[in-house]
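Spelled out, the chains give:
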Amino acid sequence: MHKLTHKITRKPTPADTSLTDASIFSKTYHIIFEQPVAKASFEKYVERLIQAIGRPLAYNGIILGHIKILGKLSEEEFVFLSLTKLEQVDIKPSVQWINGLSNEINSIILDVNVLVFGYSKTVIEEVVNASFAVFHQGSMREFYQ
């Protein structure tokens with residue numbers, strides 16, 4: 001398996017903060033695929049994406065906060081990913097995601113939410129954007145091979 005790598009403009013450094021001051025980043029992305037993608041393949045790549053976002057924000061493999069991604073085809077058909085430890089991504093698909101009529105998807109809405117202590121919202125946004133850039137440019141090609 002290929003690993004995602006980060007290209008960010010500066011090394012993320014923790015901001016001076018206490019554990020009562022968390023930075024929150026939240027953004028919705030609409031992903032359209034060139035060709036239909038199997039749900040199982042999509043889950044693996046989103047798992048790698050969430051880890052790519054978490055890696056530069058982690059301290060000793062632990063996210064001081066959490067990262068969540070919700071991939072929605074509809075209100076009933078979705079997959080939810082959560083990360084607090086780099087090597088342990090929790091994936092919870094809805095019943096309709098598992099039993100839906102189609103096993104392939106053409107497009108999806110991704111809600112990305114990051115709440116972490118010790119980093120500014122600007123740094124978090126840079127990390128998320130860099131992770132998405134790598135995800136789109138490198139990993140997405142693998143869907144179609």
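Fair warning: this is a prediction, and the values are worked out from it, not measured in the lab. (Residues numbered from 1 in each chain as written. Predicted model: local features only at pLDDT ≥ 70, side-chain atom pairs only at ≥ 80, totals over all residues. Heavy atoms only, no water.)

> Any chance you could explain the environment of Asn113 here in plain terms?
Looking at where Asn113 falls in the secondary structure, it is placed in strand β6 (residues 104-117). Residue Asn113 is classed as partly exposed on the basis of its relative accessible area of 31%. When the C-alpha atoms of Asn113 and Leu70 are compared, they prove to be 8.6 Å apart, with 43 residues separating the residues in sequence. Setting aside chain neighbours within four positions, we find Asn113 in contact with Phe25, Ser26, His66, Ile67 and Lys68. Polar side-chain contacts of Asn113 include one of 2.5 Å to the side chain of Ser26. (Helix = DSSP H or I, 4+ residues; strand = E, 2+ residues; numbered from the N terminus. Buried < 20%, exposed > 50% of the residue type's maximum accessible area, 1.4 Å probe, protein only. Contact = heavy atoms within 4.5 Å. Polar contact = N/O pair within 3.5 Å; in protein donor to acceptor, adjacent residues only side chain to side chain.)

> Explain the nonpolar core to me, please; I cannot follow it from the model alone.
In summary, soluble globular proteins display a tendency toward joint burial of nonpolar side chains. Phe42, Ile53, Val112, Val114 and Val128 are the most contacted members of the largest nonpolar core, which has 33 residues in total. Contributions of two or more residues to this core are made by β1 (22-38), α1 (39-54), β3 (62-72), β4 (78-85), β6 and α3 (121-143). With six residues, the single largest contributor to this core is β6. If sequence neighbours within four positions are ignored, Val128 has contacts with Phe25, Tyr29, Ile53, Val112 and Val114. (Core = buried A, V, L, I, M, F, W, Y, C linked by side-chain atoms within 4.5 Å.)

> When you look at the environment of Asn106 in this model, what are you seeing that I'm missing?
With respect to the element layout, Asn106 can be found in strand β6. Put simply, Asn106 and Glu34 are 72 residues apart on the chain and 7.6 Å apart in space, counted from C-alpha to C-alpha.

> Before we go on, may I ask you to explain the side chain of Asp111 in this structure?
Along the chain, Asp111 turns up in strand β6. By relative accessible area, which is 14% here, Asp111 ends up buried. Looking at Asp111, its side chain comes within polar contact range of the side chain of Lys72, at 3.3 Å. Apart from residues lying up to four places away in sequence, Asp111 is in contact with Lys27, Thr28, Lys68, Ile69, Leu70 and Lys72.

> So what exactly am I meant to see when it comes to the pattern of salt bridges here?
When the charged atoms of two side chains lie near each other, side chains of opposite charge can form a pair. For the structure shown, the criterion picks out two salt bridges. With a shortest N-O distance of 2.5 Å, Lys39 and Glu77 are connected by a salt bridge. Of the two residues, Lys39 sits in helix α1 while Glu77 sits in the loop between β3 and β4, which places them 38 residues apart along the sequence. With relative accessibility at 3%, the residue Lys39 sits in the buried group. For Glu77, a relative accessible area of 17% translates into the label buried. Note that Lys72 is salt-bridged to Asp111, the shortest N-O span being 3.3 Å. Of this pair, Lys72 sits in strand β3 while Asp111 sits in strand β6, and the two are 39 residues apart along the sequence. (Salt bridge = Lys/Arg side-chain N within 4 Å of Asp/Glu carboxyl O.)

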